[in-house]
Amino acid sequence: MTAKPLIGISGSHMIDGGGQFPGYHRSYVNHDYVRSVTERAVSPSSFLSMKRMMSWKPYGRVDGLLLSGGHDVYPLLYGEEPCRQIGAVWPERDHFDMLLLKRAEARKIPVVGICRGLQIINVAHGGTLYQDLSKDPQSFVKHSQNQDPATATHTIEIDPQSRLASLLGRTEWVTNSHHHQTVHEVGQGPLVTARAKDGTVESAGYGGKLSHGLSVHPEMMSIHSKLARNLFVDFVKEAEVRHGNR
């Protein structure tokens, strides 16, 4: 039997604010990311330890990379000082995720970046971010919906010629939204494939199939939405191709 392709998922950390172990550091990745790829019968592996990862040999066997959400991106990486509205940052993770991306692109494996993942891909390709959507004079849509994570709340308009439109079978999609930072100046060699009604970049591809970022959270919607699941089906199929070409 052919071994399953391996999907790498970038991890995050949290510090307990109370409970039995206040101040305790925990490494984690949200289960929705894991569920969304394992539903496609794929073996996941989370990258949680920066120092260990630098010499972790199994990384060379990863067939696809999923850059997950989390902290705000460190603004000095794109030449800006932090504004008053910026949230918590974690520069070590920024550099680590960019290293994962660099290695994935060098190996030509598929990459999907979700929310912060899109922002990391854009900055890694020379782009910049709005540190907070209040800094975007064109933005009028509420992009941080403080409610059920899977609930669709606003519309995105999709380039009809894009791979995203082909996967979804439509050029408009009502999605969830849980972010306050977004793409400002688009990096080198990108293709913006979807925007919200206020012009906010919601999806972009970098290098064709190589790297694709989404501001929406399809991993949260995929438990109810076939359209969201289609994105992970496609991602896994690309990983299977890479796995079969070893």
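That block above? That's the structure.
Treat the numbers as computed from the prediction; the structure is a model and nothing was measured.

Asks: Would you mind going over the overall build of the chain with me for this structure?
Replies: Along the chain, the regular secondary structure elements total seven helices and 13 strands. Relative to a compact globule of 246 residues, whose C-alpha radius of gyration would be 18 Å, the chain shows 17 Å and is just as compact. Each of the three principal axes of the chain carries a C-alpha extent, and together these read 55 × 45 × 35 Å. When burial is assessed residue by residue, the chain has 50% of its 246 residues classed as buried. Once local pairs closer than 6 in sequence are excluded, the contacts in the chain between residues at least 24 apart make up 68%. Approximately 11,700 Å² of the chain is accessible, and the part contributed by carbon and sulfur atoms is 52%. Computed over 27 positive and 24 negative side-chain charges, the separation of the two mean positions in the chain equals 9 Å.

Asks: Would you mind going over the pattern of salt bridges with me for this structure?
Replies: Think of it this way: side chains of opposite charge can pair up when their charged atoms draw near. In the structure shown here, the tally under the stated rule is nine salt bridges. Residues Arg26 and Asp16 are paired through a salt bridge, measuring 2.9 Å at the closest nitrogen-oxygen approach. Here Arg26, found in strand β3 (residues 25-28), pairs with Asp16, found in the loop between β2 (12-15) and β3; they are 10 residues apart in sequence, far enough to count as distant. The residue Arg35 makes a salt bridge to Asp32 at a minimum N-O spacing of 3.0 Å. Note that Arg35 and Asp32 are positioned in helix α1 (residues 31-38) at a spacing of three residues, about one turn of the helix. Connected through shared salt-bridge partners, Arg93, Asp94, Asp97 and Arg116 make up one network.

Asks: Just to check I follow, could you spell out the packing of aromatic side chains for this structure?
Replies: Any aromatic ring pair is given by two values, namely how distant the centres are and how the planes are angled relative to each other. For the coordinates displayed, the defined rule picks out one aromatic pair. A ring pair is formed by Phe21 and Tyr24, whose centres lie 5.6 Å apart and whose planes are at 40°; its orientation type is tilted.

Asks: Hey, could you run me through the side chain of Ser177 in this one?
Replies: Here Ser177 lies in the loop between β9 (172-175) and β10 (182-183). Polar side-chain contacts of Ser177 include one of 2.6 Å to the backbone oxygen of His143. Within the structure, the side chain of Ser177 is placed 3.2 Å from the side chain of His154, a separation counted as a polar contact. Discounting residues that sit within four places of it in the chain, Ser177 has contacts with His143, Ser144, Gln145, Thr153 and His154.

Asks: Explanation requested: the nonpolar core in the structure shown.
Replies: Where a protein is soluble and globular, its nonpolar side chains tend to be buried together. Judged by nonpolar contacts, the single largest core of 23 residues is most densely connected at Leu65, Leu67 and Val111. For this core, the secondary-structure elements that each account for two or more residues are β5 (64-67), α3 (91-107), α4 (116-124) and β12 (201-206). Examining the composition of this core, we find that five residues originate from one element, α3, more than from any other. Leu164, Leu168, Trp173 and Leu214 belong to the second largest nonpolar core, which has 13 residues in total.

Calculation rules
- In this numbering scheme, every chain counts its residues from 1 along its sequence in written order.
- Only residues with pLDDT of at least 70 get local features here, since the model is predicted, and only at 80 or more are side-chain atom pairs given and counted; chain-wide, interface and lining totals rely on the full set of residues.
- Side-chain measures were taken over the full set of non-hydrogen atoms in the model, leaving aside hydrogen atoms and water.
- Each helix is a run of DSSP H or I of at least 4 residues and each strand a run of E of at least 2, with the numbering of both proceeding from the N terminus.
- Only the C-alpha atoms count toward the radius of gyration. The rule for a globule is 2.2 Å times the residue count to the power 0.38.
- Burial status follows relative accessibility: with a 1.4 Å probe on protein chains alone, a residue under 20% of its type maximum counts as buried, one over 50% as exposed, and anything between as partly exposed.
- Contacts between residues were defined by any pair of non-hydrogen atoms, one from each residue, lying within 4.5 Å.
- Computed with a 1.4 Å probe, the accessible areas rest on the Shrake-Rupley method; for each residue, only the protein chains presented here act as cover.
- For the charge count, each Lys or Arg is scored as positive and each Asp or Glu as negative, with His and the chain ends excluded.
- One atom stands in for each charge, and that atom is NZ of Lys, CZ of Arg, CG of Asp or CD of Glu.
- Each salt bridge in this description consists of a side-chain nitrogen of Lys or Arg and a carboxyl oxygen of Asp or Glu lying within 4 Å of one another.
- Between 30 and 60 degrees the pair is tilted, below 30 it is stacked and above 60 it is edge-to-face, where a pair is any two Phe, Tyr or Trp rings, Trp via its six-membered ring, whose centres lie within 6.5 Å.
- Distance and chemistry together define a polar contact, namely a pair of N or O atoms within 3.5 Å, with one atom able to donate a hydrogen and the other to accept it when in protein, and with adjacent residues in sequence counting only for side-chain atoms on both sides.
- Residues grouped as a nonpolar core are buried Ala, Val, Leu, Ile, Met, Phe, Trp, Tyr and Cys residues, joined through side-chain atoms within 4.5 Å.

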